[in-house]
Amino acid sequence: MRALFIATARPLAALVLSTLSTLSALAAAKPQTPPSPTALPKLVLVLVVDGLPAEQLQRYRAQFGPGGFRRLLEQGASFSNAHQAHGVTVTAVGHAAILSGAYPYQHGVIGNNWIDPASHAPVYCTEDSAHTYIGEDTRASDGTSPMRLRVDTLGDQLRYATGNRAKVIAVSGKDRGAILLGGKSGTAYMYMDKTGNFASSTYYMQAHPQWVQRYQSAKPQEAYYGKTWRPLLADSAYASDAPDALYPATPASPNHFPFSMYSDNGAPDADYYNRLKASPFLDALTLDFARAAVDGEQLGNNPAGVPDLLGVSLSAHDYVNHAYGPESKMSHDHLQRLDRLLADFMAYLDRKVGADNILVVLTADHGFPNTPEYAKTAHIDAGRIDNNKLVDGLNAALAKRYGVDKLVIAQSVPNLHLDYAAIDGKQLARGAVEASAADYLAAQPGIAQVYTRSQFEAGTGSATRMDLLMRRAWHRQLSGDLVVVTKPYWYFSTSASGTSHGSPYAYDTNVPLVLAGRPWIRAGSYGQYAEVVDIAPTLAHLLRVRPPAAAEGRVLTELLKAP
């Protein structure tokens, strides 16, 4: 009562001063006006969901929570007609395009794998024998550097513009997902499927920084041992998905829920760490490591006051879609779980960096077709092509016609390499042999089109979209002498189950393209045609840096808040 009496007995002037002070404090506590469109973001977050078709993002939109994909779609600018606009739609090619703004004919990453034209030996897109993983076993074909990427990226330009003060970090469940996002001067960290660690390579540094060592010592990858992946939603939410019976089970790949994370020897080992890859637990680990990178490197709070770039490539959806197809309950549920993981990650960034200081990009490296079994239930012509049998048949046909065995000397589909030395030795016309090979291939089941080196080098052909995309995908020094395009819903595979990608058709090229950031981006749904190569020029414009040297995309001016 005494305290109340003293308070009510204060002079009027004191009450007025106290009230004004309180109002002033309340005003100061109000949310601040967001930065103007001319301010630079403190952090650019590039999210890549490996193997995510644009249609899946829309098909399951109503089931997403408020803070993940739906937040980006509602608060950002979303392009429904966006494409990875090249003809060989695989992980490495798509990741190389995202921040280079370039097509394969320039950036030089023509596949996940290809054939060295001189030695006819196989090449992996990010292999580099000069470098090894830090503290991890390194196999001959492991990805350790961006040496084979022939162009620079947005991250490289940001580093150049800031005197190397900007930090560029890329994290992925796949080496190629991290390395090709990180560019030449960024730093890549990738999942190690023998140990479950995330590690970098000696291309970037000789030893991991302390924050990585702390992360590894905690062994977060072991937290999922014995865990089970079960559906997140009620059974009715999956009513439209394809039945499990369409997906034949194998000992290594059961075809229905639940999926258990274990190893045969009863403890975490390489079998267990590999099992994590086709589950939401790989994405959880990837985002946990990305958090550690934000904390360890102070991303978005750069002491130099310059923007940082964080690339996060989430690999598990690709593994799930390969195994079961985008029409499956497994793919559906995985995307729901990824949505919740992203919501938590973005809420963390809001607290750490500030929502109005972050510019977010969401895209994918490629889409996916349905499994042939599912496509056939809709009376669609579909199937798998055994590329080894196809090439054997072609070689037999060419030997019968020209008297030379094995004129196709190497293959990495869709590229086939001819033995030009043998052709020249027989004094055969190269163009004639190419044309004969193309005629044979085009007559085989599931083949839609065959392009030859002579056609590409002469610039001949029709003005179709397929021609355009395949020309962009063909590299004069690296690509094959024959490039084979399957019919829609057909693809090259020696497996009897699952599905794959890599074609110039819309189900493989049409991917999400979303940019979100309240100070800079005009939210809305956009129907204009856009390409993934537009991302790098648009970010360069917003960051006020040079676009990458080989970038051919446009600045997406329609989504900008300021000219």
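Remember, it's a predicted structure, so these values are computed and weren't measured experimentally. (Residues numbered from 1 in each chain as written. Predicted model: local features only at pLDDT ≥ 70, side-chain atom pairs only at ≥ 80, totals over all residues. Heavy atoms only, no water.)

## With respect to the pattern of salt bridges
Logical step 1: Applying the stated criterion across every chain yields a total of 23 salt bridges.
Logical step 2: Residues Asp137 and Lys194 are paired through a salt bridge, measuring 3.9 Å at the closest nitrogen-oxygen approach. Of this pair, Asp137 sits in the loop between β5 (122-124) and α7 (154-161) while Lys194 sits in the loop between β7 (187-191) and β8 (198-199); the two residues are 57 residues apart in sequence, bridging distant segments of the chain.
Logical step 3: Residue class for Asp137 comes out exposed when judged on its relative accessible area of 57%.
Logical step 4: Using a relative accessible area of 37% as the deciding quantity, one classes Lys194 as partly exposed. (Salt bridge = Lys/Arg side-chain N within 4 Å of Asp/Glu carboxyl O. Helix = DSSP H or I, 4+ residues; strand = E, 2+ residues; numbered from the N terminus. Buried < 20%, exposed > 50% of the residue type's maximum accessible area, 1.4 Å probe, protein only.)

## Re the sheet that holds strand β2 (residues 76-79)
Logical step 1: Here nine strands make up an open sheet; going across it, the order is β8-β7-β6-β11-β1-β12-β19-β2-β20 and the pairing mixed. Edge positions in the sheet fall to β8 and β20 (524-526), since each has one partner strand and no second.
Logical step 2: Relative to strand β11 (residues 308-314), strand β6 (residues 168-172) runs parallel, the two sharing five bridges. Along β11, the bridge assignment pairs Val168 with Leu309.
Logical step 3: In the packing of helix α21 (residues 535-543) onto the sheet, contacts are made with β1 (43-49), β12 (358-363) and β19 (513-516), and the angle to β12 comes to roughly 175 degrees. (Pairing = 2+ DSSP bridges. Contact = heavy atoms within 4.5 Å. Axes fitted to C-alpha atoms, helices over the stretch in contact; angles between N-to-C directions.)

## As for helix α12 (residues 316-324)
Logical step 1: Residues of α12 that are buried include every one of Ala316, His317, Asp318, Val320, Asn321 and Tyr324, and no others.
Logical step 2: Positioned one or two residues after α12, Gly325 has a phi angle of 90 degrees, which is positive.

## Focus: the packing of α12 against helix α13 (residues 329-352)
Logical step 1: Closest axis-to-axis distance for the α12/α13 pair is 9 Å, and the angle between their directions is 165 degrees. The angle between α12 and α13 places the two elements in the roughly antiparallel class. With respect to the hand of their crossing, α12 and α13 are arranged in left-handed fashion. Only Met330, Ser331, His334 and Leu335 of α13 make contact with α12, whose side of the interface consists of Ala316, His317, Val320, Asn321 and Tyr324.
Logical step 2: When its residues are assigned to classes, the contact of α12 with α13 shows five nonpolar, four polar and no charged. (Parallel < 35°, antiparallel > 145°, perpendicular 65-115°, else oblique. Left-handed = near helix turned anticlockwise from the far one by under 90°. Nonpolar A, V, L, I, M, F, W, Y, C, P; charged D, E, K, R; others polar.)

## Some thoughts on the sheet that holds strand β14 (residues 408-412)
Logical step 1: Reading across from one edge, β14-β15-β17-β16 is the order of the four strands in this open sheet, with antiparallel pairing throughout. A strand with exactly one partner marks an edge of an open sheet, and here the two such strands are β14 and β16 (447-452). Strand-to-strand twist across the sheet, computed as the mean angle between neighbouring axes with direction ignored, equals 20 degrees.
Logical step 2: Judged from the five bridges that link them, β16 and strand β17 (residues 482-486) form a sheet pairing that is antiparallel. Looking at the pairing, Ile447 lines up with Thr486 of β17.
Logical step 3: Seen against the sheet, helix α15 (residues 387-402) touches β14, β15 (415-418), β16 and β17 and runs at an angle of roughly 160 degrees to β14.

## Structural notes on the side chain of Asp333
Logical step 1: Positionally, Asp333 belongs in helix α13.
Logical step 2: Take Asp333: its relative accessible area is 0%, and that puts it in the buried class.
Logical step 3: Side chain to side chain, Asp333 and Tyr238 meet in a polar contact 2.4 Å long.
Logical step 4: Beyond its immediate chain neighbours, meaning those up to four positions away, Asp333 contacts Trp229, Arg230, Pro231, Leu232, Leu233, Tyr238 and Phe257. (Polar contact = N/O pair within 3.5 Å; in protein donor to acceptor, adjacent residues only side chain to side chain.)

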